[in-house]
4 protein chains.
Amino acid sequence: MIKIGIVGAGGYAGVTLYQILLRHPEAKVIWLMSEEAHKGKKISELYPHLAGEQDPIIGTLADIDNQMGKVDLVFLALPHGIAMDYAPKLLAAGKKVIDLGADFRFNHPDTFKYWYQMEHKAKGALQEAVFGLPEYYREKIKKARLIGNPGCYPTASTLGAAPLLKAGLIEPEIIVDAKSGVSGAGRAGSLKTHYCERNEGIEAYAVTNHRHMGEIEDQAIRISGDQGIRVTFVPHLTPMTRGILTTIYGKLKDQSSKIKTKELIDLYKETYKNEPFVRIRENVLPNTKFVAGTNYCDIGVQVNERTGQVIVLSAIDNLIKGAAGQAVQNMNIMYDLEETMGLKHIALYP
Amino acid sequence: MIKIGIVGAGGYAGVTLYQILLRHPEAKVIWLMSEEAHKGKKISELYPHLAGEQDPIIGTLADIDNQMGKVDLVFLALPHGIAMDYAPKLLAAGKKVIDLGADFRFNHPDTFKYWYQMEHKAKGALQEAVFGLPEYYREKIKKARLIGNPGCYPTASTLGAAPLLKAGLIEPEIIVDAKSGVSGAGRAGSLKTHYCERNEGIEAYAVTNHRHMGEIEDQAIRISGDQGIRVTFVPHLTPMTRGILTTIYGKLKDQSSKIKTKELIDLYKETYKNEPFVRIRENVLPNTKFVAGTNYCDIGVQVNERTGQVIVLSAIDNLIKGAAGQAVQNMNIMYDLEETMGLKHIALYP
Amino acid sequence: MIKIGIVGAGGYAGVTLYQILLRHPEAKVIWLMSEEAHKGKKISELYPHLAGEQDPIIGTLADIDNQMGKVDLVFLALPHGIAMDYAPKLLAAGKKVIDLGADFRFNHPDTFKYWYQMEHKAKGALQEAVFGLPEYYREKIKKARLIGNPGCYPTASTLGAAPLLKAGLIEPEIIVDAKSGVSGAGRAGSLKTHYCERNEGIEAYAVTNHRHMGEIEDQAIRISGDQGIRVTFVPHLTPMTRGILTTIYGKLKDQSSKIKTKELIDLYKETYKNEPFVRIRENVLPNTKFVAGTNYCDIGVQVNERTGQVIVLSAIDNLIKGAAGQAVQNMNIMYDLEETMGLKHIALYP
Amino acid sequence: MIKIGIVGAGGYAGVTLYQILLRHPEAKVIWLMSEEAHKGKKISELYPHLAGEQDPIIGTLADIDNQMGKVDLVFLALPHGIAMDYAPKLLAAGKKVIDLGADFRFNHPDTFKYWYQMEHKAKGALQEAVFGLPEYYREKIKKARLIGNPGCYPTASTLGAAPLLKAGLIEPEIIVDAKSGVSGAGRAGSLKTHYCERNEGIEAYAVTNHRHMGEIEDQAIRISGDQGIRVTFVPHLTPMTRGILTTIYGKLKDQSSKIKTKELIDLYKETYKNEPFVRIRENVLPNTKFVAGTNYCDIGVQVNERTGQVIVLSAIDNLIKGAAGQAVQNMNIMYDLEETMGLKHIALYP
């Protein structure tokens, strides 16, 4: 049994992680930490749907020194800039760390600084951190002590775009038009997350400067090896709770301009043929409903032959494959467990 | 391994049943049947979220004679009036039957006729059928060959009202004001189920003659032993996909008029102390979100001391505890398996 | 032209009032006030849908002494306990006042104190205040200087229940099961109003002590003249933005136990035959969608002949007939204008 | 008073048109026609929210010869391929025609045939038809007898993209990623429009061959004069009732690569400075909620300076500016009325 601590358990990603681990046959959650306001509460007070489950009292990061000895692995689900204060200490104590935040996703501190406008405070840890996208970094994840778990948008975008980019079929410029449910904005109450302000309305936000644009571009470059790739990323807040759909546009290069949809589907099927959590869709298009509550990424691809644009559609549950599920997938790989262990959910449908 | 056939797999209750059974360690679905229009299709064509799972081709009831030999247990999820044609034949062939429809829920054919305005065609089977509400009929279910699985409204209503009625605390007249998600109306496209007609609107329907009123009243009488009980039942169509919340009103009798909320909560806790799927709520009120995707029934109770009205609130997922989950719970009991086997879902939250 | 000031313009009721008045041919809004945080902003900054309209800069109550001279009528849309500090001063200065909050809805300070647990600070004003439900107090409204505009739940409940109570057809005890959209909870961001916490869930709240219960009961007594009437009121938060549906239950007295639905519909039609904003529904049940954006109250009534319960259904838009629309209706009456002036909206459908 | 007939009044666009005209001071609806199944019903039976309004009995196109004499102007809201059978006859009888369907939107029958795969049967009428987008064809509309009212997607897309294309700032290739509410799919009940299938899910459809792609491209070419423009259009079905948001991507040409967001906003403000129904957004992004129930098109524009992509966002209510409202705007222009007459709605918010 892997003994586990979760920091940030009060948020949607944290609680999702907790409940996946509650049913994981090889993991045991030892403690939960969250913000000061949650201190001393049971997790079921914050999340009444958990009544009847193991129900620990929530602590805070103030106790990390006392608590870290009890666990093997710590999941951090924190706003950016905080995990970097704790990860080195945890590593030094021999713990493994999976960070669901942004601090360990770039392989270079300058890239982090460019997108997050702060100096990275744990450059050594950053250097050894592995980007936790199993479909592209599985071998490194196996040996990693520190995982930078991908953001929700980058997971859907990278899984969708990478096969095209690696194959060199499209010009080195892609557009990612992403649609996210409101849970991506976190659990804090605000005008932005107010039911009446979100319901029956769709809008873009952070049109030219969302930080995930950097992460998507960084991965596009690393996976394809083409330094010249540029990504335009526009996220939209959609009136639904869970899920991300990305619509990715890439222009076929002249030499590949005759390629047909069928060939692209074959490329995607071949690329992901051994992946337990990627489903290539042919007769139906990806829909966030089909992956809700699961660790799947569903992908479809089509060519518009009139315009030479390839359109890739990818759908994930932002809290599962986009956060907690992928984190558990990474844990399974790190501990040499069956990769799908604890993650065999079927979508709750309808 | 229990070998299973499902009739009516194309509907929401049927597919929910199928996907619960896909993860059940002691059950194996051998075949699926549905309406003529689905014949020859794979279940994943009807429900693309099931891609990657065992994917049988759907047949129809025309093949029941050929197919029934392959299974031990048949689940029927059909409109009322059809199961009664098939259940006797299945029983005669030594099969067990769990009917999710209305045909075997009453213990008397006259009651059936009163509410469904048709003659019952399988009176022998009706006589032996057991009402599949484990919290009140567990011992009979253990020995049953034929289960009339409760309707979604009666499950929530009966679990909520029965403790008060059995204890004789309230006058023999209750009001059940029920709020249901749209999935209760089935998967057929119509003006009634159209997104734009349902979204942002709530309305009552079948205000004085919903058939589940008969089932609720029948159970209220059977469980309490008081023939004089009358139930007023008003269902409402609510703009959400899943879930039922019932708000039950009962007037305290004079001799119990001093009773407090705390005592009622104790009564409910005592009543359901050994029930794995009933949660009594004290500090938070039942909410359909807390039970979505689970087999739980959450119950809260309060007295309005000014007016002497007891208000009971009960919440279920209409497709799980209100249909497929309860059917599997009944199967587990019939086959002497752990009652919660295959049903340990935690609500997908948020 | 009536010159108007609105206090509380930043809330949903306040802004709804503002935009109704923007199209009112006999009214002109002179100034808007709201909370400190909104000071100095244009109303279109808070509500971007108002771009292109008259766009005043918002002030605060600190300026009331300077500002009140410019207007004839002040609408107050404030949390309870604040309007009572300002109304007497406004009246003394010769202004008319329509209070959309709770301070002037009861005709007795003890009733206010019982439900709001604070001493009323403007007992003189309270005494002269008229309850602004035109269908029952039109003559008094005509002469009033101060209106206590009804709450959203009491408007729907009273219009629905009063004909039965006045006619003495039912026992003096009614149950009101109300379903409200989230806009009734105001615009402040919180866990309670968070999209992800509300979407796909329905729950009751304030089950035995919602303050509107007092207002409903007070009106039931005043309109029927029966001091013995008791009201049990249970509100539910429903996953939709706008609208209230109330389902009202009353038990027929023995002597009226043979009454039929048709006779009740006739009673309701007769009661409201001259009312421009009440529609009695026969062939279709009230649905909040049918009244969204309008000042209508739609009412249906049926008898359950098996149980002798009368079920009344009433639907309003909580922000229009439940707040701002009714306030304008009251203004029209006070100023001897056509009662429907500025209120002839047709529901936005679908 | 303009005497009006509406064909297709049973659909969402038709009824929206009807209710706008009910409040129009210079128009009077004489008759309504719809499909056979609606014959003989009152419009309020199909749409109960219209109770209390003028309530004509619905006829069918079988009566067009008898009925057309009574009116001056006929609105056609029909599936494509039918209006072309009736428009020539109406024109011959001296009637004006505004067609909300697809039959008269292209200026060349071959373009129609390419996108709709049927021969155009009214080539003469097609030749004289004017595309009813007032912002670009106002002078022609003034003199027109037959208007091809733009589709919902083309309205939002063209208003958003045209200024960039006319100014020659971007490469002649644009991508339009559009998000539509479900009402765009019409009122017919189907799996596609089922509440439970749409709620909490977003998906693309008709990814490479939606017919509106042709209309958008045709307008892009006509308005800019650049025959080489190619449009990639991908629509998405979004879980909301009303509204379209389009996100338009265009690549800055080398010579304009230094252009800033501010300059683009100035271009858009200048382009639409006299337009009553276009609002250029600077400090807030377009959101379908801000235009719900109105004839506005809200537009925002930004440059991603890293990638040289211009992103234009435009939002409309698909049933108003995307259909019925724009049709009335065209009518106002044709009859030399104030262009905003009957169209001064403020969004219903929240």
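Our subject in this report is the structure included herewith. What you see is a predicted model, and the numbers here were worked out from it, not measured in a lab.

Cut-offs used in this document
Residues numbered from 1 in each chain as written. Chains lettered and ligands numbered in written order. Predicted model: local features only at pLDDT ≥ 70, side-chain atom pairs only at ≥ 80, totals over all residues. Heavy atoms only, no water. Pairing = 2+ DSSP bridges. Helix = DSSP H or I, 4+ residues; strand = E, 2+ residues; numbered from the N terminus. Right-handed = clockwise from strand over helix to strand, strands pointing away. Least-squares fit on C-alpha atoms with pLDDT ≥ 70 in both. Contact = heavy atoms within 4.5 Å. Buried area = accessible area lost by both parts, 1.4 Å probe. Salt bridge = Lys/Arg side-chain N within 4 Å of Asp/Glu carboxyl O. Polar contact = N/O pair within 3.5 Å; in protein donor to acceptor, adjacent residues only side chain to side chain. Nonpolar A, V, L, I, M, F, W, Y, C, P; charged D, E, K, R; others polar. Phe/Tyr/Trp six-rings, centres within 6.5 Å; stacked < 30°, edge-to-face > 60°. Buried < 20%, exposed > 50% of the residue type's maximum accessible area, 1.4 Å probe, protein only. Lys NZ or Arg CZ within 6 Å of the ring centre and 35° of its normal. Disulfide = S-S within 2.5 Å. Axes fitted to C-alpha atoms, helices over the stretch in contact; angles between N-to-C directions. Parallel < 35°, antiparallel > 145°, perpendicular 65-115°, else oblique. Expected span 1.5 Å × (residues − 1).

1. Describing the pairing of strand β4 (residues 96–99) of chain D
All names here are of chain D.
Turning to step 1, where the next piece is worked out: Bridge analysis of strand β3 (residues 73–76) against β4 gives four bridges, and the strand direction is parallel. Its bridge partner lying in β4, F75 is registered against I98.
Turning to step 2, where the next piece is worked out: Between the parallel pair β3 and β4, the chain is carried across by helix α4 (residues 83–92), and the sense of this crossover is right-handed.
Turning to step 3, where the next piece is worked out: Of the pairings in the sheet, the one linking β4 to strand β6 (residues 146–148) comprises three bridges and is parallel in character. Counterpart to D99 in the pairing with β6 is G148.

2. Some words on the relation of the copies chain D and chain B
Turning to step 1, where the next piece is worked out: When chain D is fitted to chain B, the residual RMSD is 0.0 Å, and the transformation amounts to a turn of 180 degrees plus an axial shift of 0.0 Å. These values place the two chain copies in the arrangement generated by a two-fold rotation axis. For chain D, the minimum C-alpha distance to the rotation axis belongs to D:Y195 and amounts to 1.9 Å.

3. Here we look at the interface of chain D and chain A
Turning to step 1, where the next piece is worked out: Listed by partner, the interface residues are 50 residues for chain D and 50 residues for chain A.
Turning to step 2, where the next piece is worked out: Regarding the contact of chain D and chain A, the summed buried area is about 4100 Å², with carbon and sulfur atoms giving 54% of it.
Turning to step 3, where the next piece is worked out: Contact with chain A buries surface across chain D, with D:E200, D:I202 and D:R306 losing the most and accounting together for 17% of the total.
Turning to step 4, where the next piece is worked out: The interface formed by chain D and chain A contains six salt bridges.
Turning to step 5, where the next piece is worked out: Residue A:K251 is joined to D:E173 by a salt bridge in which the shortest nitrogen-to-oxygen separation is 2.7 Å.
Turning to step 6, where the next piece is worked out: Along the contact surface separating chain D from chain A lie 30 residue pairs in polar contact (both at pLDDT 80 or more).
Turning to step 7, where the next piece is worked out: Taken together, the residues of the side of chain D that touches chain A break down into 23 nonpolar, 14 polar and 13 charged.

4. Here we look at the packing of aromatic side chains
Turning to step 1, where the next piece is worked out: Applying the stated criterion across every chain yields a total of 38 aromatic pairs over all chains.
Turning to step 2, where the next piece is worked out: For the ring pair A:Y195 and C:Y195, a centre distance of 5.2 Å and an interplane angle of 15 degrees mean the geometry is stacked. Pair noted here: A:Y195 is in helix α9 (residues 195–198) and C:Y195 is in helix α9 (residues 195–198), and the two residues belong to different chains.
Turning to step 3, where the next piece is worked out: Among the residues examined, A:Y195 registers a relative accessible area of 2% and is labelled buried.
Turning to step 4, where the next piece is worked out: The ring of D:Y296 carries the charged tip of D:R279 above its face, separated from the ring centre by 3.8 Å.

5. Digging into the relation of the copies chain D and chain A
Turning to step 1, where the next piece is worked out: Its rotation angle being 180 degrees, the transformation that places chain D on chain A also includes 0.0 Å of axial translation and leaves an RMSD of 0.0 Å.
Turning to step 2, where the next piece is worked out: Of the residues that chain D buries at the interface, 100% are likewise interface residues in chain A, meaning the two copies contact each other through the same surface.

6. With respect to the state of the cysteines
All names here are of chain A.
Turning to step 1, where the next piece is worked out: Here the structure, examined in full by the defined rule, presents zero disulfides over all chains.
Turning to step 2, where the next piece is worked out: Of all cysteine sulfurs, the one in C152 lies closest to C297, which takes part in no disulfide; the gap is 12 Å.
Turning to step 3, where the next piece is worked out: Taking relative accessible area as the criterion, C297 reaches 0% and is therefore assigned buried.

7. Focus on the sheet that holds strand β4 (residues 96–99) of chain C
Residue and element names in this part refer to chain C.
Turning to step 1, where the next piece is worked out: Spatially, β2-β1-β3-β4-β6-β5 is the arrangement adopted by the six strands of the open sheet, whose pairing is parallel. Two strands bound the open sheet, and with one partner strand each, they are β2 (27–33) and β5 (130–131).
Turning to step 2, where the next piece is worked out: On top of the sheet, helix α1 (residues 12–22) reaches β1 (2–7), β2 and β3 (73–76); it is set at about 160 degrees to β1, its chief contact.
Turning to step 3, where the next piece is worked out: On the sheet, helix α13 (residues 320–334) packs against β1, β2, β3, β4 and β6 (146–148) and is oriented at approximately 155 degrees with respect to β4.

8. Here we look at the interface of chain D and chain B
Turning to step 1, where the next piece is worked out: With 19 residues of chain D at the contact, the number on the chain B side is 19 residues.
Turning to step 2, where the next piece is worked out: Between chain D and chain B, roughly 1500 Å² of surface is buried when both sides are summed, and carbon and sulfur atoms account for 56% of that area.
Turning to step 3, where the next piece is worked out: For the chain D face of the interface with chain B, the top three residues by lost area are D:H194, D:Y195 and D:C196, together amounting to 41%.
Turning to step 4, where the next piece is worked out: At the boundary of chain D and chain B, one finds two salt bridges.
Turning to step 5, where the next piece is worked out: Residue D:E197 pairs with B:R187 through a salt bridge whose shortest N-O separation is 2.9 Å.
Turning to step 6, where the next piece is worked out: Viewed at the interface, chain B and chain D are joined by 14 residue pairs in polar contact (both at pLDDT 80 or more).

9. As for the packing of helix α8 (residues 152–167) of chain C against helix α11 (residues 261–271) of chain C
All names here are of chain C.
Turning to step 1, where the next piece is worked out: Two elements in contact, α8 and α11, have axes whose closest approach is 10 Å; the angle formed by their N-to-C orientations is 105 degrees. When the axes of α8 and α11 are compared, the pair comes out roughly perpendicular. Taken together, the residues of α11 that come into contact with α8 (itself represented by L159, G160, A161, P163, L164 and A167) are L264, L267, Y268 and T271.
Turning to step 2, where the next piece is worked out: Residue classes in the contact of α8 with α11 are distributed as eight nonpolar, two polar and no charged.

10. Observations concerning helix α10 (residues 211–224) of chain B
Turning to step 1, where the next piece is worked out: End to end, α10(B) covers 21 Å across 14 residues, agreeing with the expected 20 Å (1.5 Å per residue, within 8%).
Turning to step 2, where the next piece is worked out: A large share of α10(B) lies buried, amounting to 11 of its 14 residues.
Turning to step 3, where the next piece is worked out: Those residues of α10(B) not exposed but buried are B:H212, B:M213, B:G214, B:E215, B:I216, B:E217, B:D218, B:Q219, B:A220, B:I221 and B:I223.
Turning to step 4, where the next piece is worked out: Here the buried face of α10(B) lies against α5 (109–116), β5 (130–131), α7 (134–143), α8 (152–166) and β9 (230–237) of chain B together with β12 (297–304) of chain C.
Turning to step 5, where the next piece is worked out: B:G225 lies just past α10(B) and shows a positive phi near 80 degrees.

11. Regarding the side chain of C:E339
Residues and elements named next belong to chain C.
Turning to step 1, where the next piece is worked out: Among the secondary structure elements, E339 is positioned in the segment after α13.
Turning to step 2, where the next piece is worked out: Engagement of the side chain of E339 in a polar contact is seen with the side chain of Q329, the distance being 2.8 Å.
Turning to step 3, where the next piece is worked out: Beyond its immediate sequence surroundings of up to four residues, E339 is in contact with P134, R138, P276, F277, Q329, N332 and I333.

12. Points about the side chain of D:R242
All names here are of chain D.
Turning to step 1, where the next piece is worked out: Inspection of the secondary structure puts R242 in the loop between β9 (230–237) and β10 (244–252).
Turning to step 2, where the next piece is worked out: The exposure class assigned to R242 is buried, which follows from its relative accessible area of 6%.
Turning to step 3, where the next piece is worked out: Reaching out from R242, the side chain makes a polar contact with the side chain of D317 at a distance of 2.8 Å.

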